[in-house]
Amino acid sequence: MPSLNNHHLPNPHRRQFVIGYSEFIPNEDWRSHKLSSNFWISYDLNLNLNRATDKNGIEWFLLGLAIETTENIAPEDLISLRSTQEIINGYSAWAGRWLLIGQGEIHLDANGLLGCFYGEKSSGDIWLSSSPTLLAEIMTTNAQDDRNLVYGGGISWYTPPYSGYPQIKRLLASQVLNFTTGQISPRPLMPEIDLNRDYETSLDLVKNALVTALQNLGKLKQPIWLGLTAGYDSRLMLVIAIAAQCKFTTFTRIAGRMSLADFVIPPQLAKECNIPHIFLNNKLPREQDLRRNLVRQHAGNNISSGDAEPFIMGVRDSLKGISFGGHGFAIASGFHTLGQLPANFADPQTGAVQIAQLFNEPPESSAVAGMTAWLSWVQKHPQANLNWRDRFFLEQRQAGWLSSKEQVYDLSDLIRFPILNAARTYSLLLSIPEAKRLDSLVQVAILKQLNPNLLKYPFNPDNDYFNLWSKLRFKLRNKLRI
């Protein structure tokens, strides 16, 4: 496929898959495999697909990029060493954005970031896809929710298990779908949250999981990139990657909505650690309309224009390889709005309206219907020590908003890797007492262990912190995009 860097856009539906009763080949980049006597999997060649047979003779298909966080082995190699049940019990330690197929069942990554949408045609045939747009085409439905998804305002995603299409649902991260029968089964969102575990032990387990993930990521022999800001999460990722002895480069995007702190501090952090750093600027303004059209073909209306902007502006086109980041740490730090919600909801409808109000979403919004359906599922299938506000972050904000955003970035050459997205890692974080993890205390604690010198640089300071020369440089650089 021609590179984005040569100003040639990829075909839509890059890194997507479809499962159904026949082959589905939307363009020349797609191939198919038989899953069973009745089902085919069709997929874009840019989507990693590994096949392995376990000790019980069950064949598994692993899509996307999964990285083991407890031992130095690739998940596809581990499958051949384990029994079927051991695989199901153990994939909670796999970080990344992936989907596992075996015995006619779909198992999602921790947040469902490599999403799965499903629907039933009028003939009764079940079809599945990572792309709601492709699935709508297969099911010949054009009726899509007309709610305008606004960047930074309201609920800027279609709320799972709804998809924006009336005939199509989105599989929740706490569900397993058997596509041969259509049956949905519950699964725990993560292993047991152990509130009695010693704080230092939990902290070390989190740190070791992240370091192991970076060590295994480095074995892929691809260029590795870290987006660096003035915040807590990327600074922690910086020291974790160094502890893993991972070779990587840091970058910061120059953008109209960036802060002065994100302009000044990242190069200082990189220099302190002797790690290369570059700035990325917007590219290819003449292609913006073409890219917007490509996003519409690829993702429909499932993402706001603001969330698609970095792709539309070609910001990361110069990068090849894998980019990792600390997406998901808000589960430990206290997602910014959720503390205003009650500890328990009276009923699903009331809880959905409360969420809508908190996000300034009108109560008649279609987002409320999806949220009500999700809260009904949560009420029927609770998990010990996992409160509904934390679960909202995982199954709505991450699985609804971030997953749709990641699907758009499948159009880029660069592979985005969410290192924190492992169910076991989330369990370890939530096993740390709230008083020791809110307000980014986990990040600070690990930074103190691995590189306390980085704590002398402030986190997200306002503009008054900087001198006049820094402010002038920032204004000039941002204006000229040089």
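Quantities reported herein were computed from a predicted structural model and do not represent experimental measurements. (Residues numbered from 1 in each chain as written. Predicted model: local features only at pLDDT ≥ 70, side-chain atom pairs only at ≥ 80, totals over all residues. Heavy atoms only, no water.)

Draft legend 1. Structural detail: the environment of Ser156. Along the polypeptide, Ser156 turns up in the loop between α3 (132-138) and β10 (168-170). In this structure, the C-alpha to C-alpha distance between Ser156 and Ser304, residues 148 residues apart in sequence, is 6.9 Å. The residues touching Ser156, leaving out its near neighbours within four places in the chain, are Leu149, Val150, Arg397 and Trp401. (Helix = DSSP H or I, 4+ residues; strand = E, 2+ residues; numbered from the N terminus. Contact = heavy atoms within 4.5 Å.)

Draft legend 2. Seen up close, the sheet that holds strand β17 (residues 415-418). One open sheet accounts for five strands, arranged β15-β14-β13-β16-β17; its pairing is parallel. At either end of the open sheet lies a strand with only one pairing partner, and these are β15 (277-280) and β17. Taken pair by pair, the neighbouring strands of this sheet meet at an average axis angle of 35 degrees, ignoring direction. Relative to β15, strand β14 (residues 249-253) runs parallel, the two sharing four bridges. In the strand pairing of β15, Phe251 is matched with Ile278. Those strands touched by helix α6 (residues 260-273) are β14 and β15, and its axis lies near 155 degrees from that of β15. (Pairing = 2+ DSSP bridges. Axes fitted to C-alpha atoms, helices over the stretch in contact; angles between N-to-C directions.)

Draft legend 3. Seen up close, the environment of Leu319. Within the secondary structure, Leu319 sits in the loop between α8 (305-312) and β16 (322-325). When the C-alpha atoms of Leu319 and Arg389 are compared, they prove to be 36 Å apart, with 70 residues separating the residues in sequence. Beyond its immediate sequence surroundings of up to four residues, Leu319 is in contact with Trp225, Phe251, Ile278, Leu280, Asp413 and Leu414.

Draft legend 4. Structural view of the confidence of the model for the chain. Averaged over all residues, the pLDDT of the chain is 92; the fraction at 70 or higher stands at 95%. Taken together, the stretch residues 1-6 has pLDDT below 50 and engages in 22 contacts with residues farther than four places along the chain or on a different chain. (pLDDT = per-residue confidence, 0-100.)

Draft legend 5. Molecular detail of the packing of aromatic side chains. In the structure shown here, the tally under the stated rule is 16 aromatic pairs. Summarising the aromatic geometry, the rings of Phe248 and Phe324 are spaced 6.3 Å apart at their centres and angled 70 degrees between planes, so their arrangement reads as edge-to-face. Taken as a pair, Phe248 in the loop between α5 (232-243) and β14 and Phe324 in strand β16 lie far apart in primary sequence, 76 residues in all. For Phe324, a relative accessible area of 2% corresponds to the buried category. Within the aromatic cluster, the residues linked to one another by ring pairs are Trp157, Phe359, Trp374 and Phe392. Note that Arg397 overlies the ring of Trp401, its terminal NZ or CZ placed 4.0 Å from the centroid. The ring of Tyr409 carries Arg416 above its face, with NZ or CZ at 4.6 Å from the centroid. (Phe/Tyr/Trp six-rings, centres within 6.5 Å; stacked < 30°, edge-to-face > 60°. Buried < 20%, exposed > 50% of the residue type's maximum accessible area, 1.4 Å probe, protein only. Lys NZ or Arg CZ within 6 Å of the ring centre and 35° of its normal.)

Draft legend 6. Examining a nonpolar patch on the surface more closely. A cluster of nonpolar side chains, Leu468, Trp469 and Leu472, forms an exposed patch at the surface whose accessible area comes to about 380 Å². Mapped onto the elements of the fold, Leu472 is located in helix α15 (residues 468-480). (Patch = residues over 30% accessible without salt bridge, like charges linked within 9 Å, V, L, I, M, F, W, Y side chains within 5 Å. Areas by Shrake-Rupley, 256 points an atom, 1.4 Å probe, with all protein chains shown as cover. Salt bridge = Lys/Arg side-chain N within 4 Å of Asp/Glu carboxyl O.)

Draft legend 7. Here's a closer look at helix α7 (residues 288-299). Helix length check: α7, at 12 residues, gives a terminal C-alpha distance of 16 Å against a target of 16 Å (1.5 Å per residue), a fit within 8%. The complete set of buried residues in α7 reads Gln288, Arg291, Leu294, Val295, His298 and Ala299. The arc enclosing the buried residues of α7, seen along the axis, measures out at 115 degrees, which places them on a common side. For α7, the exposed residues set more than 90 degrees away from the buried face come down to Asp289 and Leu290. Buried residues along α7 sit in contact with α3, α8 and α12 (388-409). (Expected span 1.5 Å × (residues − 1). Arc of directions from axis to C-beta.)

Draft legend 8. Structural detail: the nonpolar core. In terms of nonpolar packing, the biggest core is built from 67 residues, with Leu214, Leu217, Leu238, Phe324, Phe329 and Phe417 touching the most fellow members. Look past the residues within four positions of Phe329 in its chain and what remains in contact with it is Leu210, Asp233, Leu236, Met237, Leu420, Leu429, Val442 and Gln443. (Core = buried A, V, L, I, M, F, W, Y, C linked by side-chain atoms within 4.5 Å.)

Draft legend 9. Molecular detail of the sheet that holds strand β5 (residues 59-68). In spatial order, the strands read β4-β5-β6-β7-β11-β12; together these six strands make up an open sheet with antiparallel pairing. Because the sheet does not close on itself, it has two edges, and the strands there are β4 (49-53) and β12 (183-186). If you compare each strand with its neighbour and ignore which way they point, the axes differ by 25 degrees on average. Sheet topology note: the strand β11 (residues 175-178)/β12 ladder contains four bridges and is antiparallel. Bridge pairing in β12 links Val176 to Ser185.

Draft legend 10. Quick peek at the pattern of salt bridges. All told, the structure shown has 14 salt bridges when counted by the stated rule. One salt bridge in this structure joins Asp289 and Arg292, with 3.2 Å as the shortest N-O distance. Note that Asp289 and Arg292 are positioned in helix α7 at a spacing of three residues, about one turn of the helix. A residue is classified by how much of its surface remains accessible, and Asp289, at 59% relative accessible area, is exposed. Residue Arg292 is classed as partly exposed on the basis of its relative accessible area of 34%. One salt bridge in this structure joins Asp317 and Arg291, with 2.6 Å as the shortest N-O distance. Here the residue Asp317 occupies a position in the loop between α8 and β16, and Arg291 occupies one in helix α7, the gap between them amounting to 26 residues. When sorted by exposure, Asp317 lands in the same class as Arg291, which is buried. Overlapping salt bridges bring together Arg14, Lys320 and Asp413 as one network.

Draft legend 11. Structural view of the packing of helix α4 (residues 199-218) against α5. Contact geometry of α4 with α5 gives a least axis separation of 8 Å together with a crossing angle of 65 degrees. Looking at the two axes, α4 sits roughly perpendicular to α5. Relative to α5, α4 is oriented so that their crossing is right-handed. Two secondary-structure elements touch here, α4 through Lys207, Leu210, Val211 and Leu214 and α5 through Met237, Ile240, Ala241 and Ala243. Among the residues forming the contact of α4 with α5, the class breakdown is seven nonpolar, no polar and one charged. (Parallel < 35°, antiparallel > 145°, perpendicular 65-115°, else oblique. Left-handed = near helix turned anticlockwise from the far one by under 90°. Nonpolar A, V, L, I, M, F, W, Y, C, P; charged D, E, K, R; others polar.)

Draft legend 12. Main features of the packing of helix α10 (residues 348-358) against helix α11 (residues 366-380). Where α10 meets α11, the closest approach of the two axes is 8 Å, and the angle between their N-to-C directions is 130 degrees. As summarised for this structure, α10 and α11 are arranged oblique, according to the angle between their axes. Seen along the crossing, α10 lies across α11 with a hand that is right-handed. For the pair α10 and α11, contact is made by Pro348, Gln349, Gly351, Ala352, Val353, Ile355 and Ala356 and by Val368, Met371, Thr372, Trp374, Leu375, Ser376 and Gln379, respectively. Each residue belonging to the contact of α10 with α11 can be placed in one class, and the counts come to nine nonpolar, five polar and no charged.

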